[in-house]
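Structural overview for review
One letter stands for each residue in the lines below.
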Amino acid sequence: MKKLLKRCILAFLLPCMLNSILLFYGLFEEMTENGVPFPAFIVVVITLGTCFGSIYFLLLVMPAFDRVKTGLRVRMMLGGRSLVYEGLYAMAVQTVVFWTVYLHGAGPWSFSVSLLVANAIFSVAGSFVLIAVGAVRIFFTSRRLSIARRLVMVFTMWIPLVNLFVLLYACRLVYEEYDFEREKIRLRDLRVDSELCRTRYPLLMVHGVGFRDLRYFNYWGRIPAELLRNGARIYYGNQEAFGTIAYNGEDIRKRIFEILKETGEEKVNIIAHSKGGLDARYAISTLQMAPYVASLTTMSTPHGGCRFVDYACRLPEGLYRFVASCFDKTFGKFGDQNPDFYTATHQFSTKESAQFNRENPDAPEVYYQSYASKMKYPWSHLLLGIPWCMIRPLEGDNDGLVSIDSARWGEFRGTFSNKHSRGISHGDMIDLKRQDYKGFDVIEAYVQIVAELKRKGF
């Protein structure tokens, strides 16, 4: 009902605002014929102009109304979509208005050509501003618009008709994103106070190679916030970005004892991504932390090694060590106490992985489970396209760094992907881009993983 009322109001106001030159001229003639003094006309014009201008400005800047309370970003995005459609609607109205005006040559429809041209320019400009501001709002607020899609919007904005189809496609993505966010809010409201992710033991989330647990940029994206909202108790590994497996394993061992002391619990559940899974396995097996770990869930961990690293290890030794020294100096400034890029990356080779697996067998008292993901095409993730192409002929489906076969460990729970052309990359599994992909909700995936740990008694 409110949407219908809004459309009715816009159906009246938009033609008035965008044809205000004709409106004011007709008003001036009417008031002159009736003997109304000129100052009174000025007052009327200023009043109407202020009202029209205020309404137009509010249309441009106000977020859309949404009783679901999806947040300011989503409401601004949805409002941008509305502006695009309102601008297109205004264009259609103007076409009808001017066609009608030109068809009538007498009576109240009799206007000079110069006045009609001035009003046409004014109304077309007003309609264009609605569309342009709407497009800008969509461009800067939508998470479904990838970098490639944004570039397409920029490069096609001056091509007639093509820009219209691109903009309408973006509007469709916006509504899908809004619908996704709305359903997520509703699901969140249904789960309130359910403590779906309140596991028996706290969660220790262990990052992969090349990253650190930073305060203002969470390695796991939006995932921890949703787990916390559903009752989880979360801690982080705080191991080094380019530490060796042994060095980081020791960090994890110390971190587990810190968590147990703080919480008074007997064990932790570990969720680890990429190399973090190897660091955790080393801590459990070699450093004898099995009595303090209830479960280990690995996400896209290269248990069987990575063929891409096998190729990289064939680079000239001098060049490899020079690159390694550059990384070590850089990450030393970011907080690593003992960065060792050379050794840490060599540990991903299939030969060293096989040796690692022999030396670190599973502990019988720990529950091991693993997940993988896969990209469908090299352009699914531009930075991972080359390694995807190198791994696929040898190991088959992969996420751009780790093949599905390499990610299998313990109880293999499945491969994350979607029905669309993109697939899910290695970085997507930790919400690296903070984007939502059609057919895959990484945040909900982790909620279900942790909820299942709770059901298993962990």
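Described in the following lines is the structure provided in the data block.

Rules of the game
- Residues numbered from 1 in each chain as written.
- Predicted model: local features only at pLDDT ≥ 70, side-chain atom pairs only at ≥ 80, totals over all residues.
- Heavy atoms only, no water.
- Helix = DSSP H or I, 4+ residues; strand = E, 2+ residues; numbered from the N terminus.
- Contact = heavy atoms within 4.5 Å.
- Patch = residues over 30% accessible without salt bridge, like charges linked within 9 Å, V, L, I, M, F, W, Y side chains within 5 Å.
- Areas by Shrake-Rupley, 256 points an atom, 1.4 Å probe, with all protein chains shown as cover.
- Salt bridge = Lys/Arg side-chain N within 4 Å of Asp/Glu carboxyl O.
- Buried < 20%, exposed > 50% of the residue type's maximum accessible area, 1.4 Å probe, protein only.
- Axes fitted to C-alpha atoms, helices over the stretch in contact; angles between N-to-C directions.
- Parallel < 35°, antiparallel > 145°, perpendicular 65-115°, else oblique.
- Left-handed = near helix turned anticlockwise from the far one by under 90°.
- Nonpolar A, V, L, I, M, F, W, Y, C, P; charged D, E, K, R; others polar.
- Phe/Tyr/Trp six-rings, centres within 6.5 Å; stacked < 30°, edge-to-face > 60°.
- Lys NZ or Arg CZ within 6 Å of the ring centre and 35° of its normal.

**A few points about the side chain of Arg-150**
- Within the secondary structure, Arg-150 sits in helix H6 (residues 147-156).
- Among residues more than four places away in sequence, those in contact with Arg-150 are Phe-139, Ser-142 and Leu-145.

**Some words on a nonpolar patch on the surface**
- Together, Ile-147, Leu-151, Val-154, Phe-155, Met-157 and Trp-158 make up a nonpolar patch on the protein surface, roughly 710 Å² of accessible area in all.
- Within the element layout of this structure, Leu-151 appears in helix H6.
- Given the relative accessible area of 43%, Leu-151 is considered partly exposed.

**Here's the deal with the packing of H6 against helix H7 (residues 162-190)**
- For the pair H6 and H7, the least separation of the axes is 9 Å and the interaxial angle reads 150°. Between H6 and H7, the angle is such that the two are roughly antiparallel. The interaxial crossing formed by H6 with H7 has left-handed handedness. Counting all contacts with H6, which are made through Arg-149, Val-152, Met-153 and Thr-156, the residues of H7 involved are Val-162, Asn-163, Val-166, Leu-167, Tyr-169, Ala-170 and Leu-173.
- Tallied by class, residues from the contact of H6 with H7 come to eight nonpolar, two polar and one charged.

**Description of the pattern of salt bridges**
- Evaluated as defined, the whole model comprises 20 salt bridges.
- A salt bridge links Arg-253 to Glu-250; its shortest N-O distance comes to 2.7 Å. Highlighted residues: Arg-253 and Glu-250, both in helix H9 (residues 245-263), separated by three residues, approximately one helical turn.
- Classification of Arg-253 by relative accessible area gives partly exposed; the value is 25%.
- Each of Arg-73, Glu-177, Glu-181 and Lys-184 takes part in one network of salt bridges that share partners.

**Section: the packing of aromatic side chains**
- Going through the model one piece at a time under the given rule, you end up with 16 aromatic pairs.
- With a centroid separation of 4.4 Å and 15° between ring planes, the pair formed by Phe-327 and Phe-341 is classed as stacked. In this pair, Phe-327 sits in helix H12 (residues 317-333) while Phe-341 sits in helix H13 (residues 341-346), placing the two residues 14 residues apart along the sequence.
- By relative accessible area, which is 11% here, Phe-341 ends up buried.
- Through a chain of ring-to-ring contacts, three or more aromatic side chains come together here, namely Phe-242, Tyr-320, Phe-327, Phe-331, Phe-341 and Tyr-342.
- The ring centre of Tyr-342 lies 3.8 Å from the NZ or CZ of Arg-321, which sits over that ring.

**Overview of the packing of H9 against helix H10 (residues 275-285)**
- Contact geometry of H9 with H10 gives a least axis separation of 8 Å together with a crossing angle of 70°. In terms of orientation, H9 lies roughly perpendicular with respect to H10. Crossing angle aside, the handedness with which H9 passes H10 is right-handed. The segment H9 lies against H10, with Ile-245, Ala-246, Asn-248, Gly-249, Ile-252 and Arg-253 engaging Lys-275, Leu-278, Asp-279, Ala-280, Tyr-282 and Ala-283.
- Counted by class, the contact of H9 with H10 contains seven nonpolar, two polar and three charged residues.

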